[in-house]
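Inside the fold
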Amino acid sequence: MVTALQKHGAIKGLLMGTARILRCNPFVPGGYDPVPDYFTLKRNRQTQSAK
């Protein structure tokens, strides 16, 4: 969440960080999910295809 706040500012970073924390549960497939350079509330699709 700290990285999201640093990259995207207070409002967008808070929204993005909260969405990322909420995805952290046993029902969502895990893996490496870095903060993207553009704002999105969805999981970073680029790292999923690299698996």
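Everything numeric here is computed off the predicted structure, so don't read it as measured data.

Conventions used here
Residues numbered from 1 in each chain as written. Predicted model: local features only at pLDDT ≥ 70, side-chain atom pairs only at ≥ 80, totals over all residues. Heavy atoms only, no water. Salt bridge = Lys/Arg side-chain N within 4 Å of Asp/Glu carboxyl O. Helix = DSSP H or I, 4+ residues; strand = E, 2+ residues; numbered from the N terminus. Patch = residues over 30% accessible without salt bridge, like charges linked within 9 Å, V, L, I, M, F, W, Y side chains within 5 Å. Areas by Shrake-Rupley, 256 points an atom, 1.4 Å probe, with all protein chains shown as cover. Contact = heavy atoms within 4.5 Å. Buried < 20%, exposed > 50% of the residue type's maximum accessible area, 1.4 Å probe, protein only. Expected span 1.5 Å × (residues − 1). Arc of directions from axis to C-beta.

Before going further, it helps to examine the pattern of salt bridges. Under the criterion given, the structure shown has one salt bridge. Here Lys-7 and Asp-37 are joined by a salt bridge, their closest N and O atoms 2.9 Å apart. Of this pair, Lys-7 sits in helix α1 (residues 2-8) while Asp-37 is found in the loop between α2 (10-22) and α3 (45-49), placing the two residues 30 residues apart along the sequence.

Time to look at a nonpolar patch on the surface. A cluster of nonpolar side chains, contributed by Met-1, Leu-5, Leu-14 and Ile-21, occupies part of the molecular surface with about 350 Å² of accessible area. Mapped onto the elements of the fold, Ile-21 is located in helix α2.

With that settled, the discussion passes to the environment of Gly-17. Here Gly-17 shows up in helix α2. The contact partners of Gly-17, leaving out residues within four places of it in the chain, are Met-1 and Ala-4.

Right, let's talk about the side chain of Arg-23 for a bit. Here Arg-23 is to be found in the loop between α2 and α3. A relative accessible area of 19% means that Arg-23 is categorised as buried. When near neighbours in sequence (up to four residues on either side) are disregarded, Arg-23 contacts Val-28, Asp-33, Leu-41, Lys-42 and Arg-43.

The end-to-end C-alpha distance of α2 is 18 Å, a good match for the 18 Å that 13 residues give at a rise of 1.5 Å each. The set of residues buried in α2 consists of Gly-13, Met-16, Gly-17 and Ala-19. Relative to the axis of α2, the buried residues are bounded by an arc of 160° and lie together on one face. In α2, the exposed residues that point more than 90 degrees away from the buried face are Ala-10, Ile-11, Ile-21 and Leu-22.

The next subject is the environment of Ile-21. Given a relative accessible area of 52%, Ile-21 falls into the exposed group. Distance in space between the C-alpha atoms of Ile-21 and Met-1 is 7.8 Å, their sequence separation being 20 residues.

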